[in-house]
Amino acid sequence: MTEQITENETGQSRLRVIACGMIAREILAVKAAFGLDHLDLTCLPAEFHFYPDRIAPAMEKAILEAKADGYGEIFAGYADCGTGGLLDKVLQKHGVERVGGPHCFAFYQGLDAFAASGEADMLCFYMTDFLCRQFEAFFVRPLGLDRHPELIPDYFGNYEKLVYLAQTENPELDKVAEDAARMLGLAYERRFTGYGDLTPALRNAAAEAGRRS
């Protein structure tokens with residue numbers, strides 16, 4: 001028999017957040033900072049960042065699993081993330097909301113700030129805390145740049161600058177981003193964003209779950 005996990009000890013409805021693995025650390029930080037104890041997190045693989053066609057079907061499977069586990073309150077820790085609207089079709093089918101915007105690079109900055117920087121950022125390569133931590137695993141080794149640095153212009157020649165959207169103040173990650181810009185031959189810019197629109201999105205979803213309890 002499936003265990004029903006619908007309320008915590010205070011009577012609040014539990015909220016299942018189904019998120020991209022790239023923002024798991026950030027969601028847990030928001031949960032801890034605001035005492036969102038009734039928020040439970042499950043993540044889809046971070047590598048779906050490179051395979052957006054896998055997001056919508058995996059999300060639907062995760063939603064059905066959450067419902068089978070007794071969760072009536074579900075929120076998607078995703079923007080559109082390259083699905084071309086397919087994710088929204090799944091979410092609408094199941095009555096699930098998501099974080100606003102086209103991708104995490106937008107909601108970290110805030111959608112208004114992202115829109116305002118549109119033309120200036122047209123040729124920029126974004127990095128986040130996660131991508132700094134995983135730069136070797138996500139870019140250098142898969143693209144063979146450690147073995148064939150001559151391929152860098154082929155992959156990154158159309159970019160003009162690397163913009164590090166920093167969620168935290170971390171000198172080690174700053175250095176990774178600076179070194180990456182130097183390696184890729186790009187100008188460098190650091191913007192401290194914190195968690196941007198992710199924070200209010202999660203707090204609103206958690207509050208809505210509380211109201212429905």
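Structure: see above.
What comes next concerns the included structure. Just so you know, these numbers come straight off a predicted model, no measurement behind them. (Residues numbered from 1 in each chain as written. Predicted model: local features only at pLDDT ≥ 70, side-chain atom pairs only at ≥ 80, totals over all residues. Heavy atoms only, no water.)

Another point: helix α9 (residues 171-184). Along its 14 residues, α9 runs 20 Å from first to last C-alpha, staying within 8% of the 20 Å computed at 1.5 Å per residue. Considered for burial, the residues of α9 that qualify are L173, D174, A177, A180, A181 and L184. Buried positions in α9, seen along its axis, are confined to an arc of 125 degrees and lie on one side of it. Facing away from the buried side of α9, by more than 90 degrees, are the exposed residues P171, E172 and R182. Check the buried side of α9 and you find it contacts β5 (124-127), α6 (129-133), α7 (135-143), α8 (152-156), β6 (161-166) and β7 (187-192). Near the N-terminus of α9, the side chain that reaches the backbone nitrogen of E172, with its oxygen 3.0 Å away, is that of N170. (Helix = DSSP H or I, 4+ residues; strand = E, 2+ residues; numbered from the N terminus. Expected span 1.5 Å × (residues − 1). Buried < 20%, exposed > 50% of the residue type's maximum accessible area, 1.4 Å probe, protein only. Arc of directions from axis to C-beta. Contact = heavy atoms within 4.5 Å. Polar contact = N/O pair within 3.5 Å; in protein donor to acceptor, adjacent residues only side chain to side chain.)

Counting 67 residues, the largest nonpolar core has I23, M59, L162 and L184 as its most contacted members. Looking at which element gives the most residues to this core, the answer is helix α2 (residues 55-68), with seven residues. (Core = buried A, V, L, I, M, F, W, Y, C linked by side-chain atoms within 4.5 Å.)

Burial within strand β3 (residues 73-77) is extensive, with five of its five residues counted as buried. Here β3 shows no split at all, with E73, F75 and G77 on one side and I74 and A76 on the other all buried. Taken together, the two bridges between β3 and strand β4 (residues 97-98) define a ladder with parallel strand orientation. By the bridge assignment for β4, F75 is matched with E97. The parallel pair β3 and β4 is bridged by helix α3 (residues 86-94), and the resulting crossover is right-handed. (Pairing = 2+ DSSP bridges. Right-handed = clockwise from strand over helix to strand, strands pointing away.)

All right, on to the pattern of salt bridges then. A side chain of one charge can pair with a side chain of the opposite charge when the charged atoms of the two come close. Tallied over the entire structure, the rule returns 14 salt bridges. Its salt-bridge partner being E60, residue K93 comes within 2.8 Å of it at the nearest N-O pair. Note that K93 is positioned in helix α3 and E60 in helix α2, a separation of 33 residues in sequence. Given a relative accessible area of 60%, K93 falls into the exposed group. The closest approach of N and O atoms between R191 and D121, which form a salt bridge, is 2.8 Å. Linking R191 in strand β7 with D121 in the loop between α5 (111-116) and β5, this pair joins segments that are 70 residues apart in sequence. The residues R191 and D121 share a single accessibility class, namely buried. Taken together, the salt bridges that share partners define one network made up of D121, K161, E189 and R191. (Salt bridge = Lys/Arg side-chain N within 4 Å of Asp/Glu carboxyl O.)

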